Amino acid sequence: MKLLTFWGCAFLAVFTAQAQQVEFTEFDLDNGLHVILHQDNTAPVVTTGVMYHVGAKDEAPGRTGFAHFFEHLLFEGTENIARGEWFNIVAANGGSNNANTTQDRTYYYETFPSNSLELGLWMESERMLHPVINEIGVETQNEVVKEEKRSRIDNAPYGKIIYATGINKYVFDKHPYANSVIGSMEDLDAAELQEFKDFFKKYYAPNNAVLVVAGDIDVAKTKAMVKNYFGAIPSGEEVARVDIKETPISETITATEYDDNIQIPAKLYVYRTPSMKERDAYILEMISSILTDGKSSRMYKKMVDQDKTALQVLAFTRPQEDYGTYIMGALPLGDTELSTLATAMDEEINKLKNELISEREYQKLQNKFENNFVSSNSSIQGVANSLARYYMLYEDINLINKEIEIYRSITREEIKEAANKYLNKNQRLELDYLPTPESK
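Remember, it's a predicted structure, so these values are computed and weren't measured experimentally.

> Quick question: what am I supposed to make of the overall build of the protein here?
Along the backbone of the protein there are 17 helices and eleven strands. Taken over C-alpha atoms, the radius of gyration comes to 23 Å for the protein, in line with the 22 Å a tight globule of 440 residues would show. Reported as C-alpha extents along the three principal axes, the dimensions of the protein are approximately 65 × 60 × 40 Å. Out of the 440 residues in the protein, the part that is buried amounts to 53%. Approximately 20100 Å² of the protein is accessible, and the part contributed by carbon and sulfur atoms is 50%.

> Looking at this structure, how should I read unusual backbone geometry?
Note: most residues except glycine have negative phi, and most peptide bonds are trans. Look at alanine 164: it is not a glycine, yet its phi comes out positive at around 65 degrees. One can find alanine 164 in the loop between helix 6 (159–162) and helix 7 (168–171). When its relative accessible area of 8% is taken as the criterion, alanine 164 is described as buried.

> What am I meant to see in the confidence of the model for the protein here?
Low-pLDDT stretches of the model should not have their predicted coordinates read in fine detail. For the protein, mean pLDDT is 93; residues scoring 70 or higher make up 95% of the total. Contacts from residues 1–19, a stretch scored under 50 in pLDDT, to residues over four places away or in other chains number two contacts.

> Sorry if this is basic, but what is going on with the nonpolar core here?
In a soluble, globular protein the nonpolar side chains are often hidden away together inside. Ile287, Met303, Met328, Ile415 and Leu423 are the most contacted members of the largest nonpolar core, which has 60 residues in total. The biggest single contributor to this core is helix 15 (residues 380–394), with nine residues. Not counting residues up to four positions away in its chain, the partners in contact with methionine 328 are Lys267, Leu268, Tyr269, Tyr271, Leu291, Met299, Leu314, Ala315, Met345 and Ile349. Membership of the second largest hydrophobic core comes to 50 residues, among which are Phe69, Leu74, Ile153 and Val213.

> Just to check I follow, could you spell out the sheet that holds strand 1 (residues 25–28) for this structure?
Adjacent strands of a sheet pair through backbone hydrogen bonds, lying either parallel or antiparallel. Read across the sheet, six strands follow the order 1-2-6-3-5-4 without closing on themselves; strand pairing throughout is mixed. Sheet topology places strand 1 and strand 4 (96–101) at the edges, where each strand pairs with a single neighbour. Strand after strand, the sheet turns through a mean of 15 degrees between neighbouring axes, direction not considered. When strand 4 meets strand 5 (residues 106–113), the two strands line up antiparallel, connected through six bridges. Within strand 5, the residue paired with serine 96 across the bridge is threonine 111. Its contacts with the sheet place helix 4 (residues 117–129) against strand 3 (45–52), strand 5 and strand 6 (209–215), and it is angled at close to 155 degrees to strand 5.

Calculation rules
Residues numbered from 1 in each chain as written. Predicted model: local features only at pLDDT ≥ 70, side-chain atom pairs only at ≥ 80, totals over all residues. Heavy atoms only, no water. Helix = DSSP H or I, 4+ residues; strand = E, 2+ residues; numbered from the N terminus. Rg over C-alpha atoms; globule rule 2.2 N^0.38 Å. Buried < 20%, exposed > 50% of the residue type's maximum accessible area, 1.4 Å probe, protein only. Areas by Shrake-Rupley, 256 points an atom, 1.4 Å probe, with all protein chains shown as cover. pLDDT = per-residue confidence, 0-100. Contact = heavy atoms within 4.5 Å. Core = buried A, V, L, I, M, F, W, Y, C linked by side-chain atoms within 4.5 Å. Pairing = 2+ DSSP bridges. Axes fitted to C-alpha atoms, helices over the stretch in contact; angles between N-to-C directions.

Following this line, the structure appears as structure tokens:
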């Protein structure tokens, strides 16, 4: 039986390695657009995605929210796509599409049956070449963004935690990560139409973007189509990247945030962490998993199952290009004081600082990250997103194949060292997240 288990595990490891190998071709157009092609003919679908190196951190003071606003605005229409017709065209051709914005980048994509590849390329070239940016589009999307803010943050339980509007302003002092991705509605209201046009001209140019085409394609034919649709688009000015260094946090930051939409408070610890490209960022992801990922995690077993002091526990990292954040916390059960939760969380942190995790826990951790890695690239949409992200934010496309090697190489000793390096009381925000007094 042991022999069979050994060979089964060995086969699975080899199969996983083979299944995860993502082949790709990359080249640059004369206008600076970087292009990545991935051929996978197992299903008749293709994803066309364009990632622009612009996010909330690139916005001018007093004009926050522009990058997220453009996530919406650039669906309004172009000189050749009538206003309001973008989604109708996609649906009529059996496709789907979406976009999303972070602090660091904005990503648009369409997934079509592979015989509509050319349509996807044309639509993205239209978005890049000559979108219509006018008063009616700005006013329409302004209302859309305001409603999104109301539904996801203002009127959503724990919205200021989920979207970091109640967190980042305390953790970042100099860096624009202090601002939220959705930005300020007052800033958007105050902006003139020309400011939106200038923002587009500065950031949505081919030399500030990467185009990914993944799926059921012929590489040579796709390359020719890409040159045809994108080659004549003029390049823009060179974008100066944000280069702001934060002073290390050396004293505990204490704060209180109120939420009209909750009855149960939360106790949070938030730590500023290094760039997503740093090895320590990967280690902190593992620490997060150890503490709260699943019912067998340390904080869940202690605080929810054993002591019955917490209704729920949480911990997650927000990896970003310049700095990240690591958030951990708990919701009290019954009349448990937030100070009791704080003590319990510190006890678990101290265990990580003073004791190596067990070999069994370490192996379980490795298995979990192996599964996550396989799942992240199990769809053509996932592969396209990963290729764009690794190129733009990590400057290493082949991480799509070798990132798991980083996790595999992380040792128990490194986990202990990272806990001692980053999870210290004088390096964190201690946040009491409370119901607004009137709502109790």
